[in-house]
Structures are given as structure tokens and as C-alpha cells.
Amino acid sequence: MKKSELQQTVSAVVNQTPVLDVHTHLYSARFGDLLLWGIDELLDYHYLICETLINDPTSPDEFYAMTKADQAELVWNTLFVRNTPVSEATRGVVTTLRALGFELEKTTLSQVREYFASTKVDDYIDLVFDQSNVEAAVMTNDVLDPAEQAVWAELSERDPRFLAALRIDGLLNDWPGAVAVLRAGGYDVSEGLDDNTCGEVRRFLADNAEVMQPVYMAASLPPTFAYPEDSARGKLLEKCILPFSRERALPFAMMIGVKKLINPPLQLAGDGVGKADIGVLERLCGGNPENKFLVTCLSRENQHELAVTARKFSNLMVFGCWWWLNIPSVIAEMTAERIELLGTRFIPQHSDARVLDQLIYKWSHSRKVIADVLAEKYADLIDAGWTVQRSDIERDVRRLFSENFRKFVGLDN
Ligand code: RAT
Ligand code: ZN
């Protein structure tokens, strides 16, 4: 292929290749209200809430006391009427509404609301998956959430586009709270984490895995996360999570670096970021070669060390540009760094969509950046003397967007 054709070819391949979105907070229609969609949810996104509350004098307490519709109205007026929506989270709303066919200069919030009021959720899921070219999305399935458990208990038929992930933050980060829930569910556990309790935790995980058929287990972890660690989390990891994950060949996804509630009144919008210790991953991956780990780190400063570590351990798969890193400038930097260190053996992005509609913008924005970086890397390769064919590009993008994950978690076995 000639260098002059690269940009266009790579963009076309990147846009045409379906994505398996490895981490979202979406649910299938069967989960009812747990699946968020539509304009009010799109505006009430926690990324937009914190941005609104640094621009408008409304206090977090006042904001959360408002109805969802009033909150959406305040976000709209603050960020889209009184300010230019140039941040990544606001531009995302613009991209999404434009893709749905709205002429933004002429559109009012009530017109958008009317559109959603007359849209059926099943049709909308089809439309969004189609527009964003997503083949499947991995949900976040909290083993301790009663609302979700109630749905699982009744769920007879699965929508194959939604894969499950066994989310265990509550176990690892609030063990005393988890003890109460497990006991209420009939598991004979005590805070002391003796052998009997650990067996019961593994039984609890097995029961949930039986129902959900997850593709991995996952937890978000603070920057202070350590291994080994003399704590309830350390014991749970060593005696329950790692053995269970190993025996089931169920990878453990660690999302490391979230500082929970640095501004507590902001609630879900109040989390920050901190730099993690990548030595933890060296010890985890090296000390547990039979275990598989999917890892993303929230701090930009961790990315280079993380990619270097992923070169050393085949049981470590790096994924996504998480949360505050999901902005074009950082995606470009991280994707280039990962290609330069790992070739095509990583998962460049996940959407983290909490609202169905967000699949549209999160993937179109990321696809553009990833295509630009890839085109540059292929151009460098041509300069170095290699011939690049369209079929090479297609194979690489399939790996990045779907096959690396499928293979790592054993999805097609
Ligand atoms: O990106 C987000 O929406 C965060 O609030 C978190 O959900 C994070 O992605 C997580 O899964 O913990
Ligand atoms: Zn998430």
C-alpha cells in the first residue's frame, strides 16, 4: 500500500471493524430501569455533573435534591447554552445528538425529549449498537447489588450482545459490609476470614458465576492497592479471588487508581485519581503465573510502566483509556506508546458507557484517534522498508477491537 492511501484505508478499516466493548455499565433491556438511556440520562452523566458544578453556583446538595429532569436542564443550560461544549464529555453529547439526526443550532431540549418519549428501548438498543458498530458490550454486574440480583434471579433468556462481568468491589473494598450481605444470603461467613469463611466466599462466587456466566471478575481499586497486603482485601485476594480465578480460568480485571470521594458531596461525580504502584502487578503476575489479569490504570503517569510490565508477563492484558484518560490527547499518547511497546497485543479502548447513547460518541471519538495513530505507525513501518497490505491492517484492527479480548478470556473456546 502507498503511504498516501494509508490514512483513508486505516480509517475505513477502523470504522468498519466491530468492537467488543470490554467494560461498560450498560445492561440489556431485560434489566429494566438499570439500563440508562435517553437525553436526561445523557445529561445527568456524572462526568457532566462535576463540570456543571464548577461552572454554576448550585451546590452539590441542591443539585442532588432536584428532579432528574431539572438536573438535566441545569446541565444543558450551564454547559451547552451558557458555555461552549468543547470539553470531551460535552462534545460527546453533541456528537451523539448529531448522529441521531438533530440539527443542533435549531434544536431545543424539549424536542430531543419528545424524540426519546416516542422511542422504544429495544429499537433504540438496535440503533445504538448499529451506529456505534459494537458487536457486544460487557456489563458491570455487582454481586452485592440487590436490584441487580433480583433481575438475575428471574432472567430466563440472555441478549447475546450483553456479556457479564462479576464485579466484586464490595467484597474487596468493604469487607464488613459484604459480610452482612453474604450472611443474609445464607453464607456462613465471619469478618475474621478463617478457612471456613474463605470457602464460603468461594461458594458465593461460584453461585454467582453459575447464574451470570461472566467473562471475567473485576474490581476498581485505590492507588494504595498493595500485594501482598496484610488486610482483609489482601487475605480475600490470596485465599478466595486468586484461587477461584485460577480454577475457573476466569481472568481478574483490576482497575487501579481511583481515589474515591475526594469531594464527598459530589457523590458519584466526586472521585479523583492517584498514581498506583506497578510493582504490585509485577508481584501479582509473576507470583501467580496460572492466573490471568486484565489491567487498566487511571493515572496517566502509570501508563508507561504498565505497558513495560505487560511486555514481561503473558498473563497480563492491558486494556482501555479509563475515565479521565478517555480524552483524545491522552488516548493518542497512550495508544502510540502501547503500539510501540506491545505491537498489537493490547486492548486499546473500552467505553465505560453508563448511558446507552454514549456508545455512539465514545466509540466514534476513540476510533478517530486510534485510526490516526495506527496510520502514523504504518507510515513509519513503510518508511522502514516493510510492505503493508490492507489485509494486515484488517487483521490488526480485529485483534485490537475484539480478538485479543476473546482469546484472553477464552470466549470462543
Ligand atoms: O468511568 C466511570 O463511570 C467511573 O465512575 C467508574 O464507573 C469506573 O469506570 C468503574 O467501573 O469503577
Ligand atoms: Zn466503569
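The structure reproduced in this document is the subject of the present report. Along each chain, the written sequence defines residue order, and numbers are assigned to residues from 1. Here every chain gets a letter starting at A, and every ligand a number starting at 1, in the order they are written. Reporting of local features is limited, given that this is a predicted model, to residues whose pLDDT is at least 70; pairs of side-chain atoms are given and counted only at 80 or more, and all residues count toward the totals for whole chains, interfaces and linings. Hydrogens and water molecules were not included; the side-chain quantities draw on all heavy atoms of the structure.

1. Section: helix H14 (residues 279-287)
Applied cut-off: The rule is simple: take the accessible area with a 1.4 Å probe, protein chains only, and divide by the maximum for that residue type; under 20% is buried, over 50% is exposed, in between is partly exposed. To qualify as a helix, a DSSP run of H or I must reach at least 4 residues; to qualify as a strand, a run of E must reach at least 2; elements of each kind are numbered from the N terminus. Note on contacts: a residue pair is in contact if any heavy atoms of the two residues lie within 4.5 Å.
Within H14, the full set of buried residues consists of Gly279, Val280, Leu281, Leu284 and Cys285. Buried residues along H14 sit against helix H13 (232-248), strand E7 (252-256), strand E10 (293-297), helix H15 (303-312) and strand E11 (316-318).

2. A closer look at the coordination of the zinc ion (ligand 2)
Test applied: Any N, O or S atom lying within 2.8 Å of the metal counts as a donor, and for Na, K and Ca the limit rises to 3.2 Å; water is left out, so some sites can look incomplete.
Taken together, His23 (NE2), His25 (NE2) and Asp352 (OD) make up the full set of protein donors to the zinc ion (ligand 2), lying 2.0 to 2.1 Å away. Positions of the donor residues of the zinc ion (ligand 2) along the chain correspond to the pattern H-x1-H-x326-D. Highlighted residues: His25 in the loop between strand E1 (19-21) and helix H2 (39-43) and Asp352 in the loop between helix H16 (328-342) and helix H17 (358-384), separated in sequence by 327 residues. Under the relative-accessibility criterion, His25 is labelled buried at 14%.

3. A closer look at the packing of aromatic side chains
The following threshold applies: Side-chain rings of Phe, Tyr and Trp, where Trp is taken by its six-membered ring, are said to pair if the distance between their centres is within 6.5 Å; with planes under 30 degrees apart they count as stacked, over 60 as edge-to-face, and otherwise as tilted.
One pass over the structure, following the stated rule, counts 17 aromatic pairs. Relative to Phe31, the ring of Tyr27 has its centre 5.1 Å away and its plane inclined at 35°; by these criteria the two rings are tilted. Each member of the pair, Tyr27 together with Phe31, is buried. Here the aromatic rings of Trp37 and Tyr124 are separated by 5.4 Å at their centres, their planes lie at 35°, and the arrangement is tilted.

4. Here's the deal with the pairing of E7
Test applied: Two strands pair under a simple rule: DSSP has to find at least two bridges between them. By the criterion used throughout, a crossover qualifies as right-handed when its path from the first strand across the helix to the second strand runs clockwise, the strands pointing away from the viewer.
By the criterion of burial, E7 is predominantly enclosed, with five of the five residues buried. Along E7, one buried face is formed by Phe252, Met254 and Ile256 and the opposite face, lined by Ala253 and Met255, is buried too. Pairing between strand E6 (residues 216-221) and E7: five bridges, direction parallel. Bridging from a neighbouring strand, Ala218 pairs with Ala253 of E7. Taking the sense of rotation as the criterion, the β-α-β connection linking E6, H13 and E7 turns out right-handed. Strand direction decides the pairing type here: E7 and E10, joined by five bridges, are parallel. Counterpart to Met255 in the pairing with E10 is Thr296.

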